[in-house]
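Fold and contact review
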Amino acid sequence: DPDRKTEVVLLACGSFNPITNMHLRLFELAKDYFHETGKYKVIKGIISPVGDAYKKKGLISANHRVTMAKLATKNSDWVEVDDWESCQSEWLETLKVLRYHHQKLLSPDVTNSLPDAVPLTKLGRKRKQEPNRHHPIKKKNQSPDVKSVPQVKLLCGSDMLESFGIPNLWKLEDITEIVEKHGLVCISRAGNNVQKFIYESDILWRHKNNIHLVEEWITNDISSTKIRRALRRGQSIRYLVPDVVRAYIEKNNLYSPESEDRNAGVVLAPLQKHASDSKNQQALN
C-alpha cells in the first residue's frame, strides 16, 4: 500500500553545551523534510546529551546540560530529552544509544527494570532465530496508514557527518551499522559540500539512500562554542538560546574561563578507547 507512511523517530546525540536555538531548529527542519516526502511520519524527537565521561574540553556537568535541554523543550509537543546516555558512568558509542532507543520502541517494558523483563541480548537473539514469528501479529494491530516499527534515525549537522573522517573517532563498523540499519538525517547549510564528502566515502556512498540530506536555506550559524565564548566575555546571548536556558545559565553562573578549561589536555573518550582498540588489533595481527 503506497499510502502507508513509515514512522520515524529522530535522535540527536551531542554535548548540548549549552543547547541552542540551532539544535532545536535541526528537529524542525528534519520533520518538515520527512513530511514533504509524503512517505514518512515523524512521531518523536529525542535529545540525548552525552555523559561526562566523554571528557570533551569545556564540557560542564551532564546534570546542567540535561536540565537546560529539558527547559528548552518544555513547550514542544514532540521533542523530548532522554537522560539514559548521560547517566552512564562510561562513555557510550552513538551506535549503542541508537540501539537502545530502537529496542525501547520495540518493547517499551524491557527498559523498565521489571523482574520479568527479558535482557536486551536475549530478545535480539530470539528474533534472529525465529524470523517469521512476529510478522502475523504485527499486521493485525497495525493502524492502516503506518508501517510497523518506527525507524530511529540519527539527526546531525554536517560537522558530525564529516567527523566520520577523523581517525579513531568512529569505528568503521559502527558507521556502517548506523547508515545501514538506522539511517542518518544530515542538516547542511545550502552550499555546504556534504554530497562531496559522501561521494568520497565508499561506505557512505553504498548506503546513500539511507542518508537524508536536508538543506537549510535559512542559515543559522549559532554554535555552543560561540555561545560559551560570548558568555565568558560577558556578552549577551539573548535570542540565540531559549530565554529559559539563558536564565538558567545566568542563575547558575555556568560558563566561565574556568569551566572552559575543564578536561583540558585530556584525550577524548572515543579516541582513548579506539586508539587502544587499534593497538590491540595491531598486537593481534
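Procedures and definitions
- Residues numbered from 1 in each chain as written.
- Predicted model: local features only at pLDDT ≥ 70, side-chain atom pairs only at ≥ 80, totals over all residues.
- Heavy atoms only, no water.
- Phe/Tyr/Trp six-rings, centres within 6.5 Å; stacked < 30°, edge-to-face > 60°.
- Buried < 20%, exposed > 50% of the residue type's maximum accessible area, 1.4 Å probe, protein only.
- Helix = DSSP H or I, 4+ residues; strand = E, 2+ residues; numbered from the N terminus.
- Arc of directions from axis to C-beta.
- 1 Å grid on protein atoms, 1.4 Å probe; cavity = no way out; pocket = protein on both sides within 12 Å on 5 of 7 lines; lining within 4 Å.
- Points joined across faces, edges and corners; volume = space filled by probe spheres on them.
- Nonpolar A, V, L, I, M, F, W, Y, C, P; charged D, E, K, R; others polar.
- Pairing = 2+ DSSP bridges.
- Right-handed = clockwise from strand over helix to strand, strands pointing away.

What follows covers the packing of aromatic side chains. Taken as a whole and judged by the stated rule, the model has 7 aromatic pairs. Consider the rings of F164 and W170, whose centres lie 4.7 Å apart with planes at 80°: the pair is edge-to-face. Exposure remark for F164: the relative accessible area of 11% places this residue in the buried category. On the basis of relative accessibility, which here comes to 17%, the residue W170 falls in the buried class. Seen in terms of ring centroids, Y199 and W205 are 6.0 Å apart; in terms of plane orientation they differ by 85°. Their pairing is edge-to-face. W205 sits in the partly exposed class, given a relative accessible area of 41%. Each member of the aromatic cluster is reached from another via a ring pair, and the members are Y33, F34 and Y40.

Looking now at helix 13 (residues 243-252). Every buried residue of helix 13 is listed here: V245, R246, Y248 and I249. Projected onto a plane normal to the axis of helix 13, the buried residues spread over an arc of 160° and lie on a single side. Exposed residues lying more than 90 degrees from the buried face of helix 13 are E250 and K251. A positive backbone phi angle near 50° is found at N253, which sits one or two residues after helix 13.

At the junction of N17 and P18, the peptide bond is cis and its omega measures out at 0° in the coordinates. Take P18: it is sitting in the loop between strand 1 (5-14) and helix 1 (21-37). Backbone geometry at Y239 places phi at a positive 75°, although glycine is not the residue there. Counting through the fold element by element, Y239 comes out in the loop between helix 12 (224-232) and helix 13. Unlike most non-glycine residues, N263 shows phi in positive territory, near 65°. With respect to the helices, strands and loops of the structure, N263 is situated in the loop between helix 14 (257-260) and helix 15 (269-284).

It is worth spelling out the environment of D277 at this point. Along the chain, the position of D277 falls in helix 15. When its relative accessible area of 27% is taken as the criterion, D277 is described as partly exposed.

This part takes up empty space enclosed by the protein. By rolling a water-sized probe across the atoms, one finds the places where empty space is left. In this structure the tally under the stated criterion is 1 cavity of 30 Å³ or more. For the largest cavity, the calculated volume is near 40 Å³. In the lining of the largest cavity, the residues fall into 5 nonpolar, 2 polar and 3 charged.

Our focus in this paragraph is the pairing of strand 2 (residues 40-49). Of all 10 residues that make up strand 2, 7 are buried, and the element is covered over most of its length. Strand direction decides the pairing type here: strand 1 and strand 2, joined by 9 bridges, are parallel. Each residue of the ladder has a partner; that of E7, found in strand 2, is K41. Handedness of the crossover joining strand 1 and strand 2 through helix 1 is recorded here as right-handed. Pairing of strand 2 with strand 3 (residues 79-81) involves 3 bridges; the strand directions are parallel. Within strand 3, the position partnered with I46 by the bridge is E80.

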